[in-house]
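# Analysis of the macromolecular model
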Amino acid sequence: MDRILVLDFGGQYDLLIARRVREHHVFAEIKPYGKISAEEVKRGGYRGIIFTGGPASVYAEGSPLCGADMLETGIPVLGICYGAQLIAHLSGGEVSPAEGSGEYGSAALSVGKSALFDGIPEKITCWMSHSDRITSLPPGYTVTASTGKCPAAAFENSEKKIYGVQFHPEVSHTEYGRYVIGNFVKKICGASGDWTMDGFTERSVRELREKLEGRNVMLALSGGVDSSVAAELLCRAVGDRLTCVFVDHGMLRKGESEAVVSVFGGRKDMNFIRVDAAERFLERLSGVTEPETKRRIIGEEFVRVFEETAKACGGSDVLAQGTIYPDVIESGRGNSAVIKSHHNVGGLPGEMLFREVCEPLRDLFKDEVRHVGELLGLPDSIVRRQPFPGPGLAVRITGRISGDKLNTVREADAIFREEVGKLPEEERPSQYFAVLTDTKSVGVKGDARAYGYTVALRAVDTDDFMTAGWSRLPYSLLETAAGRITGEIPQVTRVVYDISSKPPATVEWE
Ligand code: XMP
């Protein structure tokens, strides 16, 4: 299988770049800069390298750099934004602060002749976000595209197959960005495009069978798409040596626990066990307000429950989880700033009873997981289920958590989901839910003053959950939902609608 290395220099778009590469059926792997040498890259057999963007300046002290030998491996390189400036910097060019305040947003790009721009019109709109620019190209390089403000918006040394673009081909605001990435990975790197989910499923079952031979595996099954797909894969690989444990931490949505039991409860081949741990989670979260602490506590408690269940079942060697690629990367394994620790990864305590952790989906993006789920014959209700964070409603209650607050957000969420669920399927947002904020406000209920909670409704549209826009839901729907929430839930006096996009906000509030 051909692979492209995405070398991360601290930008927020490393995952998006990897996903864009995979859209061409080429496997992309992200590594933080400095964690892999040019020699290792060569030995790794990568077909191409992409340097990501990043917020630093190449000329600043302590900026993220790699050795100039990364450009001498003979493997084609594409540098994006900071990555392009780095190519210039490492090869003897000059990078300086841009005139004025830099260039942000859409720009008209004039495109010249280059293998990178094959099949692309001469004038396109691209997305720019930079405060530095390349003022002098290194010897052997030529300019292949420019904007009014940026004369070297793309440059290359076609002989060495090294390419730099100042704009961001990975974001959807850049027209033909997909072509730029496709031209690089397919035409310039010659990657064969054999990364398919059919192939993944077959290979994964085979590898899991070999790796886990004779060992007992315990899987954390939440009923969400990731852990359900992992369960199905593992079940095919190890049969009844798999035990699926559903930890009900008491922070699930209304009716969810019952739904998980109804789908998996009858699966004898999965040795399904439900553990009711609601009280102990609530106890450990008592008084905690800091979001990362909540996530860490839930992660730890989760593993403790597992350990106890495993002991009670007579022991298990391997703990399996439905961790997916964005969880791994966003949990700060790379050099990008830690956004929030996804509990599947970030919260695992050091000493564990299990000798090993097995994460069969850790290389996959969400849409790839759904595709595998379809291939494995999982029902639509699971494969198309909207995502729900592992720490559950705990990260949808800002501030302290209590049983009452959980009930309040659960009811509000159920009402909102019911109302949105009345829209035709194709008009529903990618994810929609209610958040119980820590803000209390004054209202009037039954002619009396009421001092109650503010519920925030959140609905987003996204392909990949790495970037997301707020959904333009019909006013009538919002009005009905708000009326029902304040009318049916005595503790709530006010409902607001979250109109923030990601970035800079995230989908969840914590
Ligand atoms: P954020 O809030 O990071 O969310 O923009 C992106 C997507 O990830 C989901 N999410 C999680 N999923 N464990 C998960 O399995 C977690 O800890 C977690 N936190 C957020 C979130 O619902 C959204 O779909």
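Residues numbered from 1 in each chain as written. Predicted model: local features only at pLDDT ≥ 70, side-chain atom pairs only at ≥ 80, totals over all residues. Heavy atoms only, no water.

## Some thoughts on the packing of helix α5 (residues 197-211) against helix α12 (residues 366-375)
α12 packs onto α5 with a crossing angle of 70 degrees between their chain directions and a minimal axis gap of 9 Å. Accordingly, the angle class assigned to the pair α5 and α12 is roughly perpendicular. Each of M197, D198, F200 and T201 in α5 lies in contact with α12, whose residues at this interface are E368, H371, V372 and L375. For the contact of α5 with α12, the per-class residue count stands at four nonpolar, two polar and two charged. (Axes fitted to C-alpha atoms, helices over the stretch in contact; angles between N-to-C directions. Helix = DSSP H or I, 4+ residues; strand = E, 2+ residues; numbered from the N terminus. Parallel < 35°, antiparallel > 145°, perpendicular 65-115°, else oblique. Contact = heavy atoms within 4.5 Å. Nonpolar A, V, L, I, M, F, W, Y, C, P; charged D, E, K, R; others polar.)

## Some thoughts on the sheet that holds strand β11 (residues 162-165)
With mixed pairing, nine strands are arranged side by side in an open sheet as β2-β1-β3-β4-β11-β10-β9-β6-β7. Bordering the open sheet on either side are β2 (27-32) and β7 (123-130), each of which pairs with just one other strand. On average, each strand axis in the sheet is tilted by 25 degrees relative to the strand beside it, whichever way the strands run. Here strand β6 (residues 103-111) runs beside β7; their pairing, made up of eight bridges, is antiparallel. For E103, the partnering residue across the bridge sits in β7 and is H130. Sheet strands in contact with helix α1 (residues 14-22) are β1 (3-8), β2, β3 (48-51) and β4 (77-80), and its direction is about 160 degrees off that of β2. (Pairing = 2+ DSSP bridges.)

## As for the domain arrangement of the chain
Structurally, the chain comprises domain 1 (3-188), domain 2 (197-383) and domain 3 (397-497). Distance between the C-alpha centres of domain 1 and domain 2: 36 Å. (Domains from an automatic or database assignment.)

## Let's talk about the pairing of strand β10 (residues 154-157)
Where a strand is regular, its side chains alternate between the two sheet faces. The two faces of β10 match: A154 and E156 on one face and F155 and N157 on the other face are all buried. Relative to β10, strand β9 (residues 142-146) is paired through three bridges, and the arrangement is antiparallel. Bridged to A145 within β10 is A154. Here β10 pairs with β11 via four bridges, running antiparallel. Looking across to β11, one finds that A154 is bridged to V165. (Buried < 20%, exposed > 50% of the residue type's maximum accessible area, 1.4 Å probe, protein only.)

## Quick look at the pattern of salt bridges
Any two side chains of opposite charge can pair, given that their charged atoms come close. Applying the stated rule across the entire model yields 38 salt bridges. Taking the shortest distance from any N to any O, the salt bridge between E419 and K422 comes out at 3.1 Å. Overall, the relative accessible area of 6% leaves E419 in the buried class. Owing to a relative accessible area of 59%, K422 belongs among the exposed residues under this scheme. Ionic contacts of the salt-bridge type, sharing partners, join the residues R280, R284, R296, E300, E301 and E308 into one network. (Salt bridge = Lys/Arg side-chain N within 4 Å of Asp/Glu carboxyl O.)

## Side note on the environment of L242
Looking at where L242 falls in the secondary structure, it is placed in strand β13 (residues 242-248). With a relative accessible area of 0%, L242 lands in the buried category. For L242 and Y13, which are 229 residues apart along the polypeptide, the C-alpha to C-alpha distance reads 37 Å. The contact partners of L242, leaving out residues within four places of it in the chain, are V217, L219, A231, L234, C235, D269, M270 and N271.

## Comments concerning the sheet that holds β13
Taken in spatial order, the five strands make up an open sheet running β14-β13-β12-β15-β16, and their pairing is parallel. Two strands close off the open sheet at either side, each with one partner strand: β14 (272-276) and β16 (356-358). The sheet shows a mean angle of 30 degrees between the axes of neighbouring strands, direction not considered. Packing of helix α9 (residues 291-312) onto the sheet brings it into contact with β12 (217-220), β13, β14 and β15 (318-320), and relative to β12 it is tilted by some 145 degrees.

## Regarding the state of the cysteines
Considering all chains together, one arrives at zero disulfides under this definition. Just so you know, C189 is unpaired, no disulfide at all, and the nearest cysteine sulfur is the one on C66, 16 Å from it. Left unpaired, C235 is separated from the closest cysteine sulfur, that of C244, by 7.1 Å. (Disulfide = S-S within 2.5 Å.)

## Side note on the nonpolar core
Residues L219, L234, F306, L361 and F416 are the most contacted members of the largest nonpolar core, which totals 83 residues. For this core, the element with the most residues is helix α6 (residues 225-238), which contributes nine residues. Counting the residues that make up this core, at least three belong to each of domain 2 (197-383) and domain 3 (397-497). Among residues more than four places away in sequence, those in contact with L219 are S227, A230, A231, L234, L242, T243, C244, V245, F306, A320 and Q321. Grouped together as the second largest cluster of nonpolar side chains are 42 residues, L16, I17, L116 and M128 included. (Core = buried A, V, L, I, M, F, W, Y, C linked by side-chain atoms within 4.5 Å.)

## Here's the deal with the environment of V305
Residue placement: V305 occurs in helix α9. Placed 60 residues apart in sequence, V305 and V245 show a C-alpha to C-alpha distance of 9.6 Å. The residues touching V305, leaving out its near neighbours within four places in the chain, are V247, V275, A277, R280 and F281.

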